[in-house]
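Residue-level listing of the chains:
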Amino acid sequence: MSAWKSLLLSPVLVAAMALPGVASLASAQDDGATPSLGQLLESLRTDSDAAEARDRQRLAALMEDREALRDAVNEAEAEREAARERRDALEATQAEQREALEAVNERRRNEAGDLDGVFGVAQGAIGELRDDLGDGWLTVGTRTRLPARLDDDAIIDTQTLESLGRTFAALTAETGRGVRFEAPIADAEGNVERREAIRLGDFLAFSDGKLLTRDVGDDSREPTLRVVSHTPEAASQALRAFQQGDGDRVVFDPTRGNVLEALSQQPTLWERFQQGGAVGYVIVVLGIAGLLVALSQYVYLLLVSVRLRRQLRSPDALRDDNPLGRVLGRFAALGREHAPEALEARLDEALLAEKPRLERGQPLVKLMAAVAPLLGLLGTVTGMIGTFQSITVFGTGDPQLMAGGISQALVTTVLGLIAAVPLLFAHTALSSRSRELLGTLEGRASAVLAEHLETPDGHTGTQAHAHTR
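None of the values given here were measured: they were computed from a predicted structure. (Residues numbered from 1 in each chain as written. Predicted model: local features only at pLDDT ≥ 70, side-chain atom pairs only at ≥ 80, totals over all residues. Heavy atoms only, no water.)

**What to know about the overall build of the protein chain**
Now for step 1: Counting its secondary structure elements, the protein chain contains 14 helices and five strands.
Now for step 2: When burial is assessed residue by residue, the protein chain has 29% of its 469 residues classed as buried.
Now for step 3: For the protein chain, the proportion of contacts with a sequence separation of at least 24, taken over those separated by at least 6, is 63%.
Now for step 4: Per element, the accessible surface of the protein chain, about 30000 Å² overall, is 57% carbon and sulfur. (Helix = DSSP H or I, 4+ residues; strand = E, 2+ residues; numbered from the N terminus. Buried < 20%, exposed > 50% of the residue type's maximum accessible area, 1.4 Å probe, protein only. Contact = heavy atoms within 4.5 Å. Areas by Shrake-Rupley, 256 points an atom, 1.4 Å probe, with all protein chains shown as cover.)

In structure tokens, the structure reads:
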């Protein structure tokens, strides 16, 4: 009985001790004055003494009324027995429901037969289909959607199988269709705009001559299409003409993006040239300078050829604007008193004086043609050194790093060969043209010398002119 008394009195005592303090503090706050810490302690002590006195009075009254205490205990025990009976009834009901559920499951297993195997096949087929076509084009521009995945606890029935068959048939039909539709398309800068696009089966989709790619995501919403980073110009023209109805050819990537990715990473001609670095710039400058020298000298030789032919057509009027006129003019200025050996030496001297002009620039072009490949080899060697240093730091785990470095290193060799080949052709053209002109000069000069020696009076005369003609 003392335990029950303590149990019943403890919350009463706690409430009695707490409420007066709170009431005193609230009254102090209502008065608008802020009490000090000592005043609060004194107020709490006074309220506690008053509550303790009241609790003693209540405890004495409760101890005197033993009949009311006994009734409270009996009522609590009755409620406990009623709770036990309800628990037993609920446990019995739960056992019955478990037995019924087990019976239903057993009946389902017996009646289902091979449906479990069909469910596994259907679930696997749907999963494979969604994995294969999740990033495809069959659900773009059409209402056809991929079938929903089947959960492990899903129940398959005839309607599910029929719906699955209709979905497969619709997707199969979409593989042979070409669809023109409108969808939000993001360009290379990320600007999204709703534009017209064309989808051809599950192969490709394009808009305004640009191939498209899509973001893989939930097929229940409209997919976001993006322009691929690089579409070849020839393919872009063919696709644009097809979309406008002016062409009947389309271009697609059978590797599903691998070729396009490789083309996007392929550098342009200018980017490839910049990979040559400083050595590449030097090679190009030397090549251009050599070609300019060769071109100017070749133009000069062509002009000399024209003037030389004009001089041959009028041998009586010697001109100083061509090598033959200057050589014959110096020879005609010599007197009869010179010996034949002296005349021949003077004629050779005149020919040798004209030779440097005709062969001008050829050594320089030949030098540049020889130096350009050597500079290309120098750039390749320095580039390979940098590549091997990168391999030393990063290792050989990334083959693309090594391949890219070697590719850049070989650019200078390519530039050197590109510069050397035209220079070699130019040097050959200059050499052949100058040799032809020198041969003409030597032949005409030898003929004039022979006529001069054969004529008694020492003048070339009409016969010499005729021979020269």
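There's more to say after this.
**As for unusual backbone geometry**
Now for step 1: Residue Asp208 is not a glycine yet carries a positive backbone phi of 55°.
Now for step 2: Summarising the element assignment, Asp208 is placed in the loop between strand S3 (204–207) and strand S4 (210–214).
Now for step 3: Classification of Asp208 by relative accessible area gives partly exposed; the value is 37%.

**Here we look at helix H12 (residues 362–394)**
Now for step 1: If you check H12, its first and last C-alpha atoms are 48 Å apart, about what 33 residues at 1.5 Å a residue would give, namely 48 Å.
Now for step 2: Just past H12, the residue Gly395 takes up positive phi, approximately 80°. (Expected span 1.5 Å × (residues − 1).)

**What about the nonpolar core?**
Now for step 1: Core analysis: the largest hydrophobic core is formed by 23 residues, its most contacted members being Val327, Leu358, Val365, Leu437 and Leu441.
Now for step 2: For this core, the element with the highest residue contribution is helix H13 (residues 399–454), accounting for nine residues.
Now for step 3: Once you skip the residues sitting within four places of it in the chain, Val365 turns out to touch Gly290, Val293, Ala294, Leu423, Ala426, His427 and Leu430.
Now for step 4: Residues Phe181, Ile185, Leu212 and Leu225 belong to the second largest nonpolar core, which totals eleven residues. (Core = buried A, V, L, I, M, F, W, Y, C linked by side-chain atoms within 4.5 Å.)

**Section: the confidence of the model for the protein chain**
Now for step 1: Summing up the model confidence of the protein chain, the mean pLDDT is 75 and the portion of residues at 70 or higher is 72%.
Now for step 2: At the level of individual helices and strands, the protein chain shows its lowest average pLDDT in helix H14 (residues 461–468), which scores 37, and its highest in helix H9 (residues 277–313), which scores 89.
Now for step 3: Contacts from residues 1–31, a stretch scored under 50 in pLDDT, to residues over four places away or in other chains number 28 contacts.
Now for step 4: Counted against residues more than four places away or in other chains, residues 458–469, with its pLDDT under 50, gives 14 contacts. (pLDDT = per-residue confidence, 0-100.)

**Regarding the pairing of strand S2 (residues 192–200)**
Within a regular strand, the side chains alternate between the two sheet faces.
Now for step 1: Pairing of strand S1 (residues 178–186) with S2, which is carried by nine bridges, proceeds in the antiparallel orientation. Its bridge partner lying in S2, Gly178 is registered against Leu200.
Now for step 2: Across three bridges, the pairing between S2 and S3 is antiparallel. Counted as the bridge partner of Arg199 is Ala205 from S3.
Now for step 3: Counting the residues that bridge the hairpin from S2 to S3 gives three residues, and of these Gly201 lies at a positive phi of roughly 55°. (Pairing = 2+ DSSP bridges.)

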